[in-house]
Structure formats: C-alpha cells, structure tokens
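# A look at the structure
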Amino acid sequence: MADQTGHMPRGPARIFKAAKWSWQGLCAAWLHESSFRLEVCLFVVLAPLALWLGHGPVEQVLLIGSMLLVIAMELANSAIEAVIERYGPEYHVLAGRAKDMGSAAVFVLMMNVLLCWGLILLPRFF
C-alpha cells in the first residue's frame, strides 16, 4: 500500500509487515491454485538438479532464475484471475482476454525455461 503521507522511509516494522503480506499471498496461492503448487513442486525437484548440472554460477542462476520467473508470473496470473472473479461469474470479452493474456505470460516464461535448460544442457550430450 502506498504511503499516505508521502515517501516515508521503510523501517524494520514496515518491512516486516510487507514480508507478512507477501507470505500471506504465497499461502493463498498454495491453498487455492493447483498450477502454483505444481510449479513449486517442480522447482523443489529441479532447483537442486540445476545446482548440480550448472557449470558455474551464471548457468545455475539461469536455470533456477528461469523457473522463479514462472512462479512469479503464476502469482500475477492468479491475482488477475482473482480480481476478475471478484466482479462476478458472467462472461465479458475483456475479462476473458485478461485471463488469456495472463495465462499466455506464464506459457511464454515456461518456454523460456525450456530454452534456458535446452541451450545450457543439450550441447553437453550432443
């Protein structure tokens, strides 16, 4: 939430509140979004593999970071869907477009994961 009295410095209490709200968002996504749960489970399996297979920190960051981007976009997509559902179940072309675009953003980042993993790992086997 924006500061009501201008740009106040963030102290430890405000940082703690922000961390608490972020944790609440992660918990809500885990409870209500099966795609988020699947992506987190894949991350838990693939992140150690990325640390093992990546030759050096740059490759490791690319392999792990590409997966983190998918998780972050899944959170944003879930937020978009929640806001649209807040306004009711009736179909509206703009609501459908927003949901489709959020889903497409997740898909594009999944293709980025495949690209990163493929370009880094495939040359080692062929």
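From a predicted model like this one, the values you see are computed outputs, not experimental measurements.

Cut-off values and rules
Residues numbered from 1 in each chain as written. Predicted model: local features only at pLDDT ≥ 70, side-chain atom pairs only at ≥ 80, totals over all residues. Heavy atoms only, no water. Helix = DSSP H or I, 4+ residues; strand = E, 2+ residues; numbered from the N terminus. Rg over C-alpha atoms; globule rule 2.2 N^0.38 Å. Contact = heavy atoms within 4.5 Å. Axes fitted to C-alpha atoms, helices over the stretch in contact; angles between N-to-C directions. Parallel < 35°, antiparallel > 145°, perpendicular 65-115°, else oblique. Left-handed = near helix turned anticlockwise from the far one by under 90°. Nonpolar A, V, L, I, M, F, W, Y, C, P; charged D, E, K, R; others polar. Salt bridge = Lys/Arg side-chain N within 4 Å of Asp/Glu carboxyl O.

### Re the overall build of the protein chain
Summing up its helical and strand segments, the protein chain has four helices and zero strands in all. The linear arrangement of helices and strands in the protein chain, starting from the amino end, is α-α-α-α. For the protein chain, whose C-alpha radius of gyration is 18 Å, the value lies well above the compact-globule estimate of 14 Å for 126 residues. The dimensions of the protein chain, computed from C-alpha atoms along their principal axes, are 55 × 45 × 25 Å.

### Concerning the environment of W117
Residue placement: W117 occurs in helix 4 (residues 93–125). Between the alpha carbons of W117 and L53 there is a distance of 9.9 Å; along the sequence they are 64 residues apart. For W117, the residues in contact, after removing those within four places along its chain, are L46, L49, A50, L63, S66, M67 and L122.

### Observations regarding the packing of helix 2 (residues 34–53) against helix 4
Here helix 2 crosses helix 4 at 25 degrees, and the two axes come no closer than 13 Å. Of the possible angle classes, the one that applies to helix 2 and helix 4 is roughly parallel. Here helix 2 and helix 4 pass one another in a crossing that is left-handed. In this structure, helix 2 uses E39, L46, L49, A50 and L53 to contact helix 4, whose residues at the interface are V106, M110, W117, L121 and R124. For the contact of helix 2 with helix 4, the residue count by class is eight nonpolar, no polar and two charged.

### Notes on the packing of helix 1 (residues 12–32) against helix 2
For the pair helix 1 and helix 2, interaxial distance at closest approach is 6 Å and the crossing angle is 105 degrees. Taken together, the axis directions place helix 1 and helix 2 in an arrangement best described as roughly perpendicular. Of helix 2, the residues touching helix 1 (which contributes L26, A29, W30, L31 and H32) are S34, F36, R37, V40 and C41. In the contact of helix 1 with helix 2, the residues fall into seven nonpolar, two polar and one charged.

### Let's talk about the pattern of salt bridges
Taken as a whole and assessed by the stated rule, the structure comprises two salt bridges. Measuring nitrogen to oxygen at the nearest pair gives 2.2 Å for the salt bridge that ties R124 to E59. In this pair, R124 sits in helix 4 while E59 sits in helix 3 (residues 57–86), placing the two residues 65 residues apart along the sequence.

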